[in-house]
Amino acid sequence: MTFNRWGTPDESKPLSPSVVRLLRTALGIQQEQTPGDAEADVVLSEVRLTEADIAALGALVGPGYVTCEYAHRRGRARGKSYPDLLDWHTKKTIDAPDAVIAPGTEEEVLSVLEYCSEADIAVIPFGGGTSVVGGLTPVSGGHRAVLSLDLTRFDKLEDVDAESGLATFGAGMFGPQAELELAKHNLQLGHFPQSFPYATIGGYAATRSSGQHSAGYGRFDEMVHALTVVTPTGILQLGGDSPASAAGPDLRELFLGSEGTLGVITRVRCRVHPVPEAKRYEAFRFPNFEAGARAVRLVAQHGTGPSMIRLSDEIETSLNLSSPDGMAGGAATSGCLCLTMFEGTPEHAAARHDETRKLLLEAGGTSLGEGPVRAWERGRFGAPVFRDALLDVAGVCETLETATTWANIHRLKTAVGRALATSLTKHGTMAVVMCHISHVYATGCSLYFTVVAKQSEHAHEQWAAAKRAASEAIVAHGGTITHHHAIGTDHRPYMQSEIDPLAVTILRTVKNTLDPAGILNPGKLIP
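Residues numbered from 1 in each chain as written. Predicted model: local features only at pLDDT ≥ 70, side-chain atom pairs only at ≥ 80, totals over all residues. Heavy atoms only, no water.

To keep things clear, this is the line we draw: UniProt positions are given in the numbering used here, feature names are shortened, and annotations may be inferred rather than shown by experiment.
Going by an unreviewed UniProt entry, the protein chain carries the name FAD-binding oxidoreductase and comes from Corynebacterium canis. Heading Cofactor (unreviewed entry) of the UniProt record for the protein chain holds this comment: "FAD". Annotation of the protein chain in UniProt includes, under Sequence similarities (unreviewed entry), the sentence "Belongs to the FAD-binding oxidoreductase/transferase type 4 family."

So this is what it looks like as structure tokens:
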């Protein structure tokens, strides 16, 4: 990816005339689109590592796999949140890791962590760089320097057990690469987060990623069978050959979602399944969000089995901003759009489609055919570039998400939407706040918000206030501070509202045992 944008230059798209009209009439954004220079000089923080450090690190992994070069440091200085990208636009000095290192084996990773523990150097594991919560920000945590540990050399499909439905991946393997390798065995992982083109297997595990097909295949942590993790105190193999065990607590759970603070995930063994023989699609319109959410709840609780189901609220449906292509294709400009997809054998997909369709129609849905779902599928990984285009015209565009029970979703949705709109209005701009349900469970669902507004003169403070207001509303109204974006630096202040003080003590104790020098991704996750 380009360091200061979401994707590559080829992926960038200008704003459509309809979006430009919306920005001007509703939000007062008048600025012409002026894409930032991807190669513009940005001042990085000074390198604090010594020549002796670089030589010692090079001796551990090979001198060709450690560098202080500007381009490598710059590309690992930030993730892809709105504040991260805004940093590049403001052209201020950017804190960057002092060097980048790429070990090739677990033993090399261990040697690097041991050296950094002795040499007082913080270490930030790096996969695809897609964090949107400050998970890659080079916080030193009081250490004298920061090293970015790139997992790019852990990029192989290690083994495939088609009979058991298991495969082992290097943690640095990108999502598309993993699917292409599995396809040679007529298998797939089926995990498709919006970051799919750039995210890695290790990143999926370290953040408890949820894919767009979570209704069918589950969250990524539910797919994980075994892990290899390197900590400063040793290498751990977690999970065995058995499909389930009662041999005490499941220690894999310590590292799923640990965001590189407890160890470096280097290999992941996952559940895989045959490539679907058939896909079926259908979209539905509901008169309002309450009716649509009730219908989606029935689908989740009856277990009718769509591989994907999502519901856009009235604003998101009317603006068609969920996809750069306008996912509804004009089919639903009022009410709420619900998309469904079914995969499997022709018979299985048809049976689940028919059962789900019956439920949705009986709950008040109107069929819109398969066109809106196919349009969404074509553009589903392209939506983040819309934020780049908005930044180019001094717009605010960011997302945040939460989850709660079915009984609480309307209360929570109202509170978060009101908090965002109120905060941004105080900073002199109207705001468009959209929401959709994209991950469902028998007991509840996620709520995913997209916010568009006009930048104020103090853009960082403007968004920080809005995010704080939304986060406080989430905590006060029974939501989780994150469903699948992870904690990083952004959500860390709210962790003590999410878990008990004793649970915080447990996390800190584990951290002190595995990482006694506190070098692993300081300032993230653990309060």
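### Structural notes on the domain arrangement of the protein chain
Often the size quoted for an interface is simply the accessible area lost on bringing the parts together. So the rule is basically this: Domain start and end points were adopted from an automatic or database domain assignment. What counts as buried area is the accessible surface, traced by a 1.4 Å probe, that two parts surrender upon association, with contributions from both included. Salt bridge criterion: a side-chain nitrogen from Lys or Arg within 4 Å of a carboxyl oxygen from Asp or Glu. The term polar contact refers here to a pair of N or O atoms within 3.5 Å; inside protein, the definition further demands a hydrogen-donor-capable atom paired with an acceptor-capable atom, and it admits residues adjacent in sequence only when both atoms are side-chain atoms.
Domain annotation of the protein chain identifies domain 1 (42-150), domain 2 (157-274) and domain 3 (278-380). Computed over C-alpha atoms only, the centres of domain 2 and domain 3 are separated by 28 Å. When the two sides are added together, the surface that domain 2 and domain 3 hide from each other amounts to roughly 680 Å², 41% of it contributed by carbon and sulfur. Per-residue buried area on domain 2 facing domain 3 is highest for Q212, H213 and A215; these three make up 69% of the total on that side. In this assembly, domain 2 and domain 3 are joined by zero salt bridges. Counting the contacts that link domain 2 with domain 3 gives five residue pairs in polar contact (both at pLDDT 80 or more).

### Regarding the sheet that holds strand β3 (residues 121-126)
Short version of the rule: Strand pairing requires that DSSP identify at least two bridges connecting the strands. A run of H or I in DSSP becomes a helix once it reaches four residues, and a run of E becomes a strand once it reaches two; helices and strands are each numbered from the N terminus.
In space, the four strands of this open sheet follow the order β1-β2-β4-β3, with mixed pairing throughout. Sheet topology places β1 (66-67) and β3 at the edges, where each strand pairs with a single neighbour. The sheet contact formed by strand β2 (residues 99-101) and strand β4 (residues 145-150) spans three bridges and is parallel. Bridge pairing in β4 links I101 to L149.

### Overview of the environment of D392
Note that D392 resides in helix α15 (residues 384-392). Measuring from C-alpha to C-alpha, the distance between D392 and L236 comes to 45 Å, with 156 residues separating the pair along the chain.

### Details of the packing of helix α11 (residues 289-302) against helix α16 (residues 409-426)
Rule in force here: Structural elements are reduced to axes, namely lines fitted to C-alpha atoms, with helices fitted over the stretch in contact, and the angle between N-to-C directions of any two is expressed from 0 to 180 degrees. Roughly parallel means an angle under 35 degrees; roughly antiparallel means over 145; roughly perpendicular covers 65 to 115; every other angle is labelled oblique. The hand of a helix crossing depends on one turn: near helix anticlockwise from the far one by less than a right angle means left-handed, and clockwise means right-handed. When checking whether two residues touch, look at their non-hydrogen atoms; a contact exists if any pair is within 4.5 Å. Residue classes follow a fixed rule: Ala, Val, Leu, Ile, Met, Phe, Trp, Tyr, Cys and Pro count as nonpolar, while Asp, Glu, Lys and Arg count as charged, and any other residue, Gly among them, counts as polar.
For the pair α11 and α16, the least separation of the axes is 11 Å and the interaxial angle reads 135°. Here α11 is positioned oblique relative to α16, judged by the angle of their axes. Judged by the twist between their axes, the crossing of α11 over α16 is right-handed. Across the interface between the two elements, F289, E290 and A293 of α11 pack against I409, H410 and K413 of α16. When its residues are assigned to classes, the contact of α11 with α16 shows three nonpolar, one polar and two charged.

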